[in-house]
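# Survey of secondary and tertiary structure
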Amino acid sequence: MNYQVVLDEIKDEIKDFLKKGKVADYIPALANVKKNEFAMSIIDLDLNEYHVGSYEKNFSIQSISKVFTFTLALLNYSKELYKRVGHEPSGDPFNSLIQIEHENGIPRNPFINAGAIVTTDSLLSIYKENTFDYILQFIQNITNDKTISFDNEVYTSELKHGYRNVALVNMMKSFGNIENLTNSVIQTYFKQCSISMNTQQLAKSMLFLANHGINPIKNEVLINEAKAKRINSLMLTCGHYDASGDFAYRVGLPGKSGVGGGIVAVVPKKLAICVYAPRLNKQGNSLAGTKALELFTSKTGLSIF
Ligand code: GLU
């Protein structure tokens with residue numbers, strides 16, 4: 001299949017959608033982006049690359065980072081991790097406090113904020129003050145790209161404005177589900193959210209999930225097949241917060257979004273995709289990005305269903 005033709009068509013058909021939705025404005029650093037920008041990258045398991053738009057331009061990966069920290073936590077803890085964080089869709093907004101109180105400090109899944117915060121806490125218990133460096137090195141290693149870094153302006157801005165996340169970590173600490181100092185946990189969580197990448201790097205970083213846990217870039221086993229399956233399943237059922245059902249219905253692929261406007265998705269045994277368009281829908285997922293992925297699976301027939 002000629003993916004370049006597909007991408008060019010999508011770029012053309014997506015134009016009207018690029019003007020819809022609102023960029024995240026809970027911190028100034030995220031609000032100051034080019035609002036109608038678009039980029040999309042496809043990389044297959046033979047490492048052929050196809051791109052359209054501003055695919056070399058970095059943006060804030062935000063919650064896409066939760067895929068990397070969940071992968072690292074699964075590697076270290078296996079099933080033990082599920083005592084502290086579940087694997088059910090939440091049906092609530094990404095930063096909901098209500099559910100966490102009702103459910104005694106155990107978040108529904110690792111992709112809502114509370115779940116990602118617990119996941120990061122579990123990594124802090126192992127890697128201590130080197131946790132963020134370890135997360136970043138993991139991403140640099142799987143993409144074979146040492147230039148990947150974080151955006152200090154986004155990070156400090158998150159620290160200044162992230163009251164809800166601070167509330168979440170404190171609430172979970174009160175239930176005994178946070179092992180480390182709440183300050184260290186939240187700083188590491190905000191730093192992982194402020195990692196900057198482009199669609200090319202993000203598509204590369206998801207190839208191991210399209211390939212049963214084996215990273216085709218270095219031909220190394222990152223995680224076993226069973227765990228790769230679990231991560232993909234959670235991306236399918238929980239990757240888009242309370243719009244996860246809608247994303248699965250429209251796109252039919254495991255995917256994870258971030259409020260920075262990025263979405264990654266995986267076609268098992270074939271390829272990884274990343275799309276960037278910063279305007280978001282009401283649930284905080286890229287509006288045009290979701291549409292672009294819907295167009296992709298409609299045009300190619302490459303959904304998992
Ligand atoms: N830094 C964001 C927050 O925790 C991440 C949310 C997202 O990307 O969906 O509020």
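Residues numbered from 1 in each chain as written. Predicted model: local features only at pLDDT ≥ 70, side-chain atom pairs only at ≥ 80, totals over all residues. Heavy atoms only, no water.

### Here we look at the site of the ligand
Taken together, Tyr26, Gln62, Ser63, Phe94, Asn113, Glu158, Asn165, Tyr189, Cys193, Tyr241, Gly258 and Val259 make up the full set of residues near the ligand. At 2.9 Å from an oxygen atom of the ligand is found a side-chain nitrogen or oxygen belonging to Asn113. Tyr189 is positioned such that a nitrogen or oxygen atom in its side chain is 2.8 Å from an oxygen atom of the ligand. Protein burial of the ligand: of its 290 Å² of free accessible surface, 97% is covered by the chains. (Near = heavy atom within 4 Å. Polar contact = N/O pair within 3.5 Å; in protein donor to acceptor, adjacent residues only side chain to side chain. Areas by Shrake-Rupley, 256 points an atom, 1.4 Å probe, with all protein chains shown as cover.)

### Structural notes on the sheet that holds strand β3 (residues 59-60)
Sheet strands associate in pairs through backbone hydrogen bonding, adopting either a parallel or an antiparallel arrangement. Pairing is antiparallel in the open sheet, where three strands are placed in the order β3-β5-β4. Every other strand in the sheet has two partners, leaving β3 and β4 (149-150) as the edge strands with one partner each. (Pairing = 2+ DSSP bridges. Helix = DSSP H or I, 4+ residues; strand = E, 2+ residues; numbered from the N terminus.)

### Notes on the sheet that holds strand β1 (residues 39-44)
Spatial ordering of the open sheet is given by β2-β1-β10-β9-β8, a layout of five strands whose pairing is antiparallel. Looking at the sheet topology across the chains shown, the edges are occupied by β2 (49-53) and β8 (255-257). Within this sheet the neighbouring strands show an average axis-to-axis angle of 10°, counted without direction. Across three bridges, the pairing between β8 and strand β9 (residues 262-267) is antiparallel. Within β9, the residue paired with Ser257 across the bridge is Ile263. Of the strands in this sheet, β1, β2 and β10 (271-276) are in contact with helix α1 (residues 3-13), which crosses β2 at around 15°. (Axes fitted to C-alpha atoms, helices over the stretch in contact; angles between N-to-C directions. Contact = heavy atoms within 4.5 Å.)

### What about the pairing of β10?
Burial analysis of β10 places six of its six residues in the buried class, which makes it a mostly covered element. Going residue by residue along β10, you find Leu271, Ile273 and Val275 tucked away on one face and Ala272, Cys274 and Tyr276 tucked away on the opposite face as well. As judged from the six bridges shared by β1 and β10, these two strands associate in the antiparallel manner. Within β10, the residue paired with Ile42 across the bridge is Ile273. Here six bridges tie β9 to β10, and the two strands are oriented antiparallel to one another. Residue pairing across strands places Val264 opposite Cys274, the latter belonging to β10. Hairpin geometry of β9 and β10 is characterised by an intervening segment of three residues between the two adjacent antiparallel strands and by a positive phi of about 70° at Lys269. (Buried < 20%, exposed > 50% of the residue type's maximum accessible area, 1.4 Å probe, protein only.)

### Topic: the layout of surface pockets
In this structure, the largest pocket occupies an estimated 440 Å³ of space. Taken together, 25 residues form the lining of the largest pocket, with Ala24, Tyr26, Phe94, Asn95 and Val259 sitting closest to its centre. Elements with a minimum of two residues in the lining of the largest pocket: α7 (152-161), α8 (163-174) and α9 (182-193). Looking at the lining of the largest pocket residue by residue, the classes come out as ten nonpolar, ten polar and five charged. (1 Å grid on protein atoms, 1.4 Å probe; cavity = no way out; pocket = protein on both sides within 12 Å on 5 of 7 lines; lining within 4 Å. Points joined across faces, edges and corners; volume = space filled by probe spheres on them. Nonpolar A, V, L, I, M, F, W, Y, C, P; charged D, E, K, R; others polar.)

### Details of helix α12 (residues 225-238)
Taking 1.5 Å of rise per residue, the 14 residues of α12 would be expected to cover 20 Å, and the 20 Å separating its terminal C-alpha atoms lies within 8% of that figure. Those residues of α12 that fall on the buried side of the exposure criterion are Lys227, Ala228, Ile231, Asn232, Leu234, Met235, Leu236 and Cys238. The inward-facing, buried residues of α12 contact α3 (65-77), α11 (207-210), α13 (244-250), β8 and β9. Among the residues of α12, the N-terminal cap falls to Asn224, whose side-chain oxygen and the backbone nitrogen of Ala226 are separated by 3.2 Å. (Expected span 1.5 Å × (residues − 1).)

### Regarding the packing of aromatic side chains
Summed over all chains, the structure comprises eight aromatic pairs. Here the aromatic rings of Tyr3 and Phe296 are separated by 6.3 Å at their centres, their planes lie at 40°, and the arrangement is tilted. Placement of Tyr3 in helix α1 and of Phe296 in helix α14 (residues 287-300) is noted, with a sequence separation of 293 residues between them. Each member of the pair, Tyr3 as well as Phe296, carries the same accessibility label: buried. Arranged with centres 6.1 Å apart and planes meeting at 85°, the rings of Phe150 and Tyr155 form a pair that is edge-to-face. (Phe/Tyr/Trp six-rings, centres within 6.5 Å; stacked < 30°, edge-to-face > 60°.)

### Structural notes on the nonpolar core
Phe68, Ile117, Ile195, Leu202, Met206, Leu209 and Ile231 are the most contacted members of the largest nonpolar core, which totals 61 residues. No other element matches helix α5 (residues 113-127), which puts seven residues into this core. Each residue touching Phe68, except ones within four places of it in the same chain, is listed here: Ile61, Phe138, Ile139, Ile142, Leu202, Ser205 and Met206. In terms of nonpolar packing, the next biggest core, distinct from the first, is built from 27 residues, Tyr50, Ile263, Val275 and Leu302 among them. (Core = buried A, V, L, I, M, F, W, Y, C linked by side-chain atoms within 4.5 Å.)

### Notes on the pattern of salt bridges
For side chains bearing opposite charge, pairing can occur when the charged atoms are close. Counted according to the given criterion, the structure contains 14 salt bridges. Residue Glu103 is joined to Arg108 by a salt bridge in which the shortest nitrogen-to-oxygen separation is 2.7 Å. Ionic pairing is found between Glu294 and Lys291, a salt bridge with its closest N-O pair at 3.7 Å. With Glu294 and Lys291 both in helix α14 and three residues apart, the pair spans about one turn of that helix. The class for Lys291 is buried, based on a relative accessible area of 19%. (Salt bridge = Lys/Arg side-chain N within 4 Å of Asp/Glu carboxyl O.)

### Thoughts on unusual backbone geometry
Despite not being glycine, Lys128 shows a phi value in the positive range, around 50°. Looking at where Lys128 falls in the secondary structure, it is placed in the loop between α5 and α6 (131-143).

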